[in-house]
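Notes for the structure review
Residue strings, one per chain:
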Amino acid sequence: MTRLFTTAAALVGLAFAAGQAFAAGELHIYNWGNYTSPELIEKFEKAHDVKVTIDGYDSNETMLAKIKAGAAGYDIVVPGDYMVQIMVSEGLLAETNPSAMANYKNVEARWKDVYWDPGRKYSVPWQWGTTSFGVNTAVYDGDIDTLAILFDPPEVLKGRINMLNDINDVINAGLRYLGHPRCNKDKAQLKELSQLLLSAKQHWRTMDYSTIEKLTSGDVDVSQNWNGASMRARKQIPTLKYAYPREGFTGWMDNVAVLKNAPNTENAKLFQDFIMDPENAALISNFARYANGVAGSDKFMDPEMTAAPEIIMPANAPAPEFVPPCDKEVVDLYNKVWTNLKK
Amino acid sequence: MANALDLKRQPGFASVAMICCFVLYAPIAVLVLFSFNANRSVTRWTEFSLDWYVRALANEGIQHAALISIEVALAATVFGTAIATAGALATTRIRRSRGTNIAYTVINMPLMVPEIVTAIATLSFFALLRTGLGISFGLGNLMIAHTVFCIPFAYLPIRARLENMDLTLEQAAADLYATPWRTFRRVTLPLMLPGIIAGAMLAFIVSLDDVIITLLVAGPGETTLPLYILGQIRRGVTPEVNAVSTILLAVSILFVTLFFFLGRRQRS
């Protein structure tokens, strides 16, 4: 028994030693799962002699819960737009001042003064995209640039729709269809919204995040979706078309921010600067298939991406709307509408 | 009369049992099936291929996650089983009193408390250790957390084994002037070994499968296999994940089968 213990302890110790880093510095990235280009990381490790670790999360909320509860050791997180604002207000992010960094000049002007980080004091762009929906045009070849596809669908699409299982994405789409403002606390308008969602629900087959699987399996012909996911689904269903509804659609951006208690702040800052270089930003996009917000990066991107209709918006499409976090009263009202919808 | 009350003879027993087995295992069968799919879809079958296994095994993220999972599971198994063995001996080899019941409840507490509560409590505990005393054990944190929730899983089979063991054998050894340690080495331990092995295997598999506690406690560079799979979901699942899940499943089945046979030997 004693021998068994010593052997096991030695094994564990050995495995520990093998896992140790020998580079000069370290950087610990906490990003969405399967979202970080390995090529980008390799290049960064070589350029700065830094050993990088990557861990993945599945939602902004998981990441926030973990960081707030006191998880330590991470240097970099990649929160979505509204989550940057929340994390700044909770004092979780370090003010690294990316606007003073060498590569900041490459950031497209429209991403410099954003609501979640005016003047870019905390975060730099990682990737951005839109949340709308895709339709299999082999099944329905009419006009798809309207939210009526989701809320008052044509006969052939009834019961063939997947919605995202996301309170904000569903409610904001509904509010746009009705022409009501976002972050809405008008009881009458919310009642109207609730009725709309309940009547549309009978046409929805599922509410699920696994949009690519839903579409490619033929389980549904329409899915509320992110543009990059829709592009990847199109590789398997060539007739899939991403819609730009005239009532409007959501835009989002994930941003690289440094945590206040980061053990390797200097390396984290180097990383922020590193990804604002167009060549490096292109590596991010080529891997995860979303636009990056850095000017000149398209030269280094896969040609099939720079021509994709999911990435290049038509001239007549409305501008994507970035929706800030709503206040507590609105969140409570939305939760009621959502609970009512889901029961 | 006894026959009339026998569950197996109730009308519809076979069909209900079959439906239950189907509901439980059909999704797993589909998962395994699609790990052999040539196409990158996890829902549309094209043709048989082992490509996803090759890719999964060559994937550095998966390799690293697997290594972490195994390190943590080994540590949790060794320490958890050792503590559980000591606990089982203590609760079965002393005179029963009210304290025994309390000890029993405390040991099994992690089984009753919802996992998320244990997870948040563990995370707060380690955060407090770090901020208050400046102590952090790195991957050791995860190993400690896993050891703790593995203890009751290892404890139950060991205790069951000890309770079924004949006390007279130990008394006979003592009568023949064996020291307590010698009695333990030559009589008690060999007899309780099947229970210890079964407990260890159960602990190993519980540690390998854990998501919630690991999700909250894991630090940088400590992604385990289940966490790796969870992180993939938003960006689209490829059959690579099916392949890894199938390997995990195979390991689980292997252990559960061994556990079953050891349990049978123990009873006979």
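Residues numbered from 1 in each chain as written. Chains lettered and ligands numbered in written order. Predicted model: local features only at pLDDT ≥ 70, side-chain atom pairs only at ≥ 80, totals over all residues.

1. Digging into the overall build of chain A
For clarity, the threshold we go by: Numbering goes from the N terminus for both helices and strands, where a helix is a DSSP run of H or I of at least four residues and a strand is a run of E of at least two. Throughout, the radius of gyration refers to the C-alpha atoms, and the reference size of a globule is 2.2 Å times the residue count to the power 0.38. Field definition: a residue is buried when 20 or more other C-beta atoms are found within 10 Å of its C-beta, exposed when 12 or fewer are, and partly exposed for counts in between, with C-beta atoms placed from the backbone. By definition, residues are in contact whenever their C-beta atoms, placed on the basis of the backbone, come within 7 Å of each other.
If you tally the helices and strands in chain A, you get 13 helices and 11 strands. The C-alpha atoms of chain A give a radius of gyration of 22 Å, which matches the 20 Å a tight globule of 343 residues would have. Principal-axis analysis of the C-alpha atoms gives chain A an extent of 65 × 55 × 40 Å. Residues classed as buried in chain A amount to 44% of the 343 residues present. Partitioning the contacts of chain A with sequence separation of at least 6, the portion at a separation of at least 24 is 72%.

2. Digging into the nonpolar core
Put simply, the test is: Only buried residues count toward a nonpolar core: Ala, Val, Leu, Ile, Met, Phe, Trp, Tyr and Cys, linked into one set through C-beta atoms within 7 Å.
Residues Ile76 and Val77 of chain A together with Ala154 of chain B are the most contacted members of the largest nonpolar core, which totals 103 residues. The greatest single-element share of this core, amounting to 13 residues, is contributed by helix 4 (residues 60-92) of chain B. Discounting residues that sit within four places of it in the chain, isoleucine 76 of chain A has contacts with Leu27, Ile29, Tyr30, Val256, Val258, Ala268 and Phe271 of chain A. Membership of the second largest hydrophobic core comes to 35 residues, among which are Ile161, Val170, Leu193 and Leu341 of chain A.

3. Concerning the packing of helix 6 (residues 167-178) of chain A against helix 7 (residues 187-201) of chain A
Residue and element names in this part refer to chain A. Inclusion rule: Interaxial angles span 0 to 180 degrees and are taken between N-to-C directions of axes, which are lines fitted to C-alpha atoms, for helices over the stretch in contact. Note on terminology: angles under 35 degrees are roughly parallel, angles over 145 are roughly antiparallel, angles of 65 to 115 are roughly perpendicular, and the others are oblique. Gly counts as polar in this scheme, as do all residues outside two lists: the nonpolar Ala, Val, Leu, Ile, Met, Phe, Trp, Tyr, Cys and Pro, and the charged Asp, Glu, Lys and Arg.
Helix 7 packs onto helix 6 with a crossing angle of 110° between their chain directions and a minimal axis gap of 10 Å. Taken together, the axes of helix 6 and helix 7 are roughly perpendicular relative to one another. Note on element contacts: helix 7 touches helix 6 through Glu192, Leu193, Leu196 and Leu197, opposite Val170, Ile171, Gly174, Leu175, Tyr177 and Leu178. Partitioning the contact of helix 6 with helix 7 into residue classes produces eight nonpolar, one polar and one charged.

4. A short note on helix 7 of chain A
Residue and element names in this part refer to chain A. Note the cut-off: The span one expects for a helix is its residue count, reduced by one, times 1.5 Å. Summarising the geometry, the arc corresponds to the directions from the helix axis toward the C-beta atoms.
With 15 residues, helix 7 extends 21 Å from end C-alpha to end C-alpha; this agrees with the ideal 21 Å at 1.5 Å per step. Those residues of helix 7 lying buried are Leu190, Leu193, Leu197 and Ala200. The buried residues of helix 7 all sit within an arc of 90° when viewed along its axis, so they share a single face. Projecting away from the buried face of helix 7 at angles above 90 degrees are the exposed residues Lys187, Ala188, Lys191, Gln195, Leu198 and Ser199. The secondary structure elements touched by the buried residues of helix 7 are helix 5 (148-151), helix 6, strand 8 (204-207) and helix 13 (328-342).

5. Re the pairing of strand 10 (residues 240-243) of chain A
Residue and element names in this part refer to chain A. Condition: Strands are treated as partners if at least two bridges between them are detected by DSSP.
Burial along strand 10 is two-sided: Leu240 and Tyr242 facing one way and Lys241 and Ala243 facing the other are all buried. Bridge analysis of strand 6 (residues 123-136) against strand 10 gives four bridges, and the strand direction is antiparallel. Across the sheet, residue glycine 134 finds its bridge partner in strand 10, namely tyrosine 242.

6. Points about helix 3 (residues 60-68) of chain A
All names here are of chain A. When helix 3 is considered as a whole, its buried residues turn out to be Asn60, Met63, Lys66 and Ile67. Down the axis of helix 3, the buried side of the element spans an arc of 140°, and every buried residue falls inside it. In helix 3, the exposed positions that point more than 90 degrees away from the buried face belong to Glu61 and Lys68. Immediately beyond the C-terminal end of helix 3, within one or two residues, lies glycine 70, with a positive phi of roughly 110°.

7. A short note on the packing of helix 4 of chain B against helix 7 (residues 139-164) of chain B
Residue and element names in this part refer to chain B. To keep things clear, this is the line we draw: By convention, the crossing between two helices is left-handed when the near helix turns anticlockwise from the far helix through less than a right angle, and right-handed when the turn is clockwise.
In contact at an axis separation of 5 Å, helix 4 and helix 7 are set at 40° when each is read in the N-to-C sense. Taken together, the axes of helix 4 and helix 7 lie oblique to each other. Taken as a pair, helix 4 and helix 7 cross one another with a handedness that is right-handed. In the contact of helix 4 with helix 7, the residues fall into 17 nonpolar, nine polar and three charged.

8. Comments concerning the domain arrangement of chain A
All names here are of chain A. Heads up, the condition is: An automatic or database domain assignment supplies the residue ranges for each domain.
By domain assignment, chain A separates into domain 1 (23-128 + 252-306) and domain 2 (130-251 + 316-342). Each of domain 1 and domain 2 has a C-alpha centre, and the two are 28 Å apart. Tallying the contact residues gives 10 residues for domain 1 and nine residues for domain 2. The greatest single-element share of the side of domain 1 that touches domain 2, amounting to four residues, is contributed by helix 4 (residues 81-89). The residue inventory of the side of domain 1 that touches domain 2, partitioned by class, reads seven nonpolar, one polar and two charged.

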